[in-house]
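# Survey of secondary and tertiary structure
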Amino acid sequence: MSNARVEPGPADDDRAGARRAAMVQRLRELGAVRGEDVARAFSTVPRHLFAPGASLEAAYAPENTVLVRRDDTGALVSTVSAPHIQAMMLEQVQVRPGMRVLEVGSGGYNAALLAELVGPSGAVTTVDIDPEVVDRARSCLAAAGYDQVTVVLADADAGVPDRAPFDLVLVTTGMWDIPPAFTDQLAPGGRLVIPLRLRGLTRSVVFESAGGRLVSRGYELCSFVPVRGVGAHPDEVIRLDGDDAAIRFEDPPDADPVLVRQAVSWPRVEVWSSASVGEDGSFEGLLLWLATGLDNFGLLMARPAAVARGVVGHAWPLGIPTIVGKGSFAYLALSPKAPGQTSREFGVYAHGPDAEALAERMAARIRTWDGGSLTARIEAFPADAPDLVLPAGAVVLDRRHRRLAVSWPTATDLPN
Ligand SMILES: C[S@@+](CC[C@H](N)C(=O)[O-])C[C@H]1O[C@@H](n2cnc3c(N)ncnc32)[C@H](O)[C@@H]1O
């Protein structure tokens with residue numbers, strides 16, 4: 001265990017203690033912290049010591065990411081993740097005393113939480129590709145009293161073979177593929193939790209090994225800075241409005257970028273699905289349902305400026321599900337909030353010569369969504385797995401190291 005103080009002291013004054021208690025309370029209310037062990041870890045580790053330069057308020061805001069590094073182009077390359085995301089992942093995997101854990105992507109804070117959870121009989125290794133991040137993580141961990149954490153400077157694509165095997169590999173950078181080292185270095189029965197991009201949106205997926213492949217045991221929508229180094233994967237981008245609106249694709253779409261850009265000037269076609277979501281309802285499941293059922297799928301990333309200019313109808317922080325045709329595009333919409341109404345209807349906005357057909361295609365897929373009662377099964381097969389071993393009806397995303405298969409088993413399907 002750490003020698004970090006829970007009691008007020010020179011490194012952890014009353015104000016920080018009060019902020020920490022309020023943060024844990026809020027994380028419980030959000031449902032991000034559910035177990036006492038995770039609550040205790042968040043109550044113990046002095047997060048402000050891992051967020052130099054941030055105010056106490058910013059350091060302990062439950063949904064606040066602390067920005068720690070941008071690259072030369074201004075792109076965000078390292079953060080101390082928001083507490084609610086860290087709590088969600090720790091609850092997903094249930095870290096136990098005595099575990100050997102590898103954290104991929106270092107900030108120091110999450111490694112300290114892990115050190116609290118595995119206790120003195122466990123071991124935490126954290127690896128980062130960025131020397132500045134590694135230096136900062138080392139000094140913050142030392143200042144907070146977590147010298148037992150091993151911080152390694154390396155591209156995590158190769159794992160950390162000297163410290164393997166691990167009971168848990170917990171990845172905190174957005175990945176497009178699963179490097180072989182992440183599973184080769186898992187102990188038998190070990191778990192991998194990884195923010196995996198599935199056609200744009202990222203989900204933190206918990207995997208277990210079963211019969212030569214990985215099988216998901218749960219997933220949650222999230223957002224992480226993208227992986228760097230050998231695992232980096234550049235998106236295909238069609239800009240609709242300079243830097244203010246663009247459609248991002250994981251794989252090149254079958255479309256003409258120049259014609260798609262010109263489609264913006266076509267009048268907007270609207271198609272409504274008659275499917276709706278309640279005011280408090282979540283429709284995260286719909287996003288994956290659309291992503292796994294439509295070709296030429298991407299995410300429309302827009303800023304308020306593009307909405308104000310009328311280029312797009314709305315902007316969502318994680319991106320809007322979008323499909324493109326040769327010279328047209330169509331994206332998900334929600335009916336405006338009307339006074340007294342308790343639900344909103346899903347629709348599609350589209351532009352270009354094929355707007356109507358594209359919008360109808362997306363609307364037809366929306367109508368087949370079950371409202372969220374089904375959970376997708378995500379499986380990762382070796383890259384050379386033949387088609388016949390893949391689940392029937394699965395959408396297959398071929399990566400360099402894995403074939404990712406996403407299927408929607410019903411209650412009558414086998415559990416494995
Ligand atoms: C969101 S931050 C990690 C946050 C951290 N776990 C915390 O305590 O909040 C993601 C980190 O992943 C690192 N990273 C990106 N690509 C990497 C790679 N190939 N190998 C190791 N680290 C990588 C980045 O340098 C960045 O510091």
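Below, the structure is looked at part by part. Predicted model only: the values in this text are computed from it and were never measured.

Under the criterion given, the structure shown has nine aromatic pairs. Ring plane angle 15° and centroid distance 6.1 Å describe the contact between F329 and Y331, whose orientation is recorded as stacked. Each of the two residues, F329 as well as Y331, counts as buried. Taking 5.7 Å as the distance between ring centres and 85° as the angle between the ring planes, the aromatic pair formed by Y331 and Y349 counts as edge-to-face.

Moving on to empty space enclosed by the protein. As enumerated under the stated definition, the model contains one cavity of 30 Å³ or more in all. Roughly 410 Å³ of volume is contained in the largest cavity. Considering the residues around the largest cavity, the lining is formed by 36 residues, among which V104, G105, D128, T172 and T173 are closest to the centre. When grouped by side-chain class, the residues that make up the lining of the largest cavity number 19 nonpolar, twelve polar and five charged.

So, on to the pairing of strand β11 (residues 245–249). The buried fraction of β11 is high, at four of five residues. As paired strands, strand β10 (residues 236–241) and β11 are joined by five bridges and run antiparallel to one another. Within β11, the position partnered with R239 by the bridge is A246. In this structure, the hairpin formed by β10 and β11 is closed by a connection of three residues, where G242 is found at a positive phi of approximately 55°. By the bridge criterion, four bridges tie β11 to strand β13 (residues 297–302) in an arrangement that is antiparallel. Looking at the pairing, R248 lines up with L299 of β13.

Moving on, we get to the packing of helix α9 (residues 284–291) against helix α11 (residues 355–367). Put simply, α9 and α11 touch, their axes get as near as 10 Å, and they point 125° apart. If you check the angle between α9 and α11, you find them oblique. Both α9 and α11 take part in a crossing whose hand is right-handed. Together, L286, W289 and L290 of α9 and M362, R365 and I366 of α11 make up the contact between the two elements.

Criteria and cut-off values
Residues numbered from 1 in each chain as written. Predicted model: local features only at pLDDT ≥ 70, side-chain atom pairs only at ≥ 80, totals over all residues. Heavy atoms only, no water. Phe/Tyr/Trp six-rings, centres within 6.5 Å; stacked < 30°, edge-to-face > 60°. Buried < 20%, exposed > 50% of the residue type's maximum accessible area, 1.4 Å probe, protein only. 1 Å grid on protein atoms, 1.4 Å probe; cavity = no way out; pocket = protein on both sides within 12 Å on 5 of 7 lines; lining within 4 Å. Points joined across faces, edges and corners; volume = space filled by probe spheres on them. Nonpolar A, V, L, I, M, F, W, Y, C, P; charged D, E, K, R; others polar. Helix = DSSP H or I, 4+ residues; strand = E, 2+ residues; numbered from the N terminus. Pairing = 2+ DSSP bridges. Axes fitted to C-alpha atoms, helices over the stretch in contact; angles between N-to-C directions. Parallel < 35°, antiparallel > 145°, perpendicular 65-115°, else oblique. Left-handed = near helix turned anticlockwise from the far one by under 90°. Contact = heavy atoms within 4.5 Å.

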